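Listed below are the residues making up each chain.
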Amino acid sequence: VQLQASGGGLVQAGGSLRLSCAASGRTFSSYGMGWFRQSPGKEREFVAAISWNGETTYYGDAVKGRFTISRDNAKNTVALQLNSLKPEDTAVYYCAASTVGFWSGTPVVSSDFGSWGQGTQVTVSS
């Protein structure tokens, strides 16, 4: 599956953004989808993931209660709504697809994901 992320930009602290990821391929609905982020000098960080059918979501501790992941299997898209943004949310955000459709009791890790988009920059000013 090929992925194309969009929606990044510059926003003030406390503001909101919505990221979108468009996927190609007829098997999109079988993939677990995720978002990760990486800022300069830091390791890639898990942000959020969603199960193949959209019924289960997972979040990194840093974004719980502020970010929301969703998907539309009819449109082959996954979205990430970013609310109450903080300067420390500044990073390049990547969407990714995993053949792991559902995580049951195991952490979501980047090695679960075999397909990655090109990334979209989110910058939060203080």
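Report follows, based on the coordinates. (Residues numbered from 1 in each chain as written. Predicted model: local features only at pLDDT ≥ 70, side-chain atom pairs only at ≥ 80, totals over all residues. Heavy atoms only, no water.)

### What to know about the state of the cysteines
Okay, so step 1: Within the structure shown, the criterion is met by one disulfide.
Okay, so step 2: Two residues share a disulfide in this structure: Cys21 and Cys95, whose sulfurs sit 2.1 Å from each other. Around the S-S axis, the bridge from Cys21 to Cys95 shows a dihedral of about 55° and counts as right-handed. A residue pair is termed long-range when its members are at least 10 positions apart, and Cys21 in strand S3 (residues 17-24) and Cys95 in strand S9 (residues 91-98) qualify at 74 residues. Each member of the pair, Cys21 as well as Cys95, is classed as buried. (Disulfide = S-S within 2.5 Å. Helix = DSSP H or I, 4+ residues; strand = E, 2+ residues; numbered from the N terminus. Buried < 20%, exposed > 50% of the residue type's maximum accessible area, 1.4 Å probe, protein only.)

### Topic: unusual backbone geometry
One can expect most non-glycine residues to show negative phi and most peptide bonds to be in trans.
Okay, so step 1: Located in the positive-phi region is Asn76, a residue other than glycine, with phi close to 55°.
Okay, so step 2: You can see Asn76 is positioned in the loop between strand S7 (67-72) and strand S8 (77-82).
Okay, so step 3: Using a relative accessible area of 18% as the deciding quantity, one classes Asn76 as buried.
Okay, so step 4: One non-glycine residue, Ser84, adopts positive backbone phi at about 50°.

### Notes on the nonpolar core
Okay, so step 1: Residues Met33, Trp35, Val47, Phe67, Leu80, Leu82 and Tyr93 are the most contacted members of the largest nonpolar core, which totals 27 residues.
Okay, so step 2: The set of elements that each furnish at least two residues to this core consists of strand S1 (2-6), S3, strand S4 (32-38), strand S5 (45-50), S7, S8, S9 and strand S11 (120-125).
Okay, so step 3: Counting residues in each nonpolar core, the second largest holds eight residues, with Phe36, Ala96, Trp103 and Phe113 among its members. (Core = buried A, V, L, I, M, F, W, Y, C linked by side-chain atoms within 4.5 Å.)

### Let's talk about the pattern of salt bridges
Okay, so step 1: Taken as a whole and assessed by the stated rule, the structure comprises four salt bridges.
Okay, so step 2: Salt-bridge contacts for Glu45 lead to Arg37; the nearest nitrogen and oxygen are separated by 2.8 Å.
Okay, so step 3: Residue classification places Glu45 among the partly exposed positions, given a relative accessible area of 31%.
Okay, so step 4: Residue class for Arg37 comes out buried when judged on its relative accessible area of 5%.
Okay, so step 5: Residue Arg66 pairs with Asp89 through a salt bridge whose shortest N-O separation is 2.7 Å. Taken together, the residues Arg66 in the loop between strand S6 (57-59) and S7 and Asp89 in the loop between S8 and S9 connect sequence positions 23 residues apart.
Okay, so step 6: Here Arg66 falls in the buried class, since its relative accessible area comes to 11%.
Okay, so step 7: A relative accessible area of 0% means that Asp89 is categorised as buried. (Salt bridge = Lys/Arg side-chain N within 4 Å of Asp/Glu carboxyl O.)

### Some points on the packing of aromatic side chains
Okay, so step 1: By the definition in use, this model includes six aromatic pairs.
Okay, so step 2: With a centroid separation of 5.1 Å and an interplanar angle of 80°, the aromatic rings of Phe36 and Phe113 are classed as edge-to-face. Taken together, the residues Phe36 in strand S4 and Phe113 in strand S10 (residues 113-116) connect sequence positions 77 residues apart.
Okay, so step 3: The class of Phe113 is buried, set by a relative accessible area of 6%.
Okay, so step 4: Each residue in the set Phe36, Phe46, Tyr58, Trp103, Phe113 and Trp116 is aromatic and connected to the rest through ring pairs, giving one cluster.
Okay, so step 5: Residue placement shows Arg44 over the ring face of Trp116; its charged tip is 4.4 Å from the ring centre.
Okay, so step 6: The ring of Phe28 carries Arg71 above its face, with NZ or CZ at 4.6 Å from the centroid. (Phe/Tyr/Trp six-rings, centres within 6.5 Å; stacked < 30°, edge-to-face > 60°. Lys NZ or Arg CZ within 6 Å of the ring centre and 35° of its normal.)

Any link to function would need more than the numbers given here.
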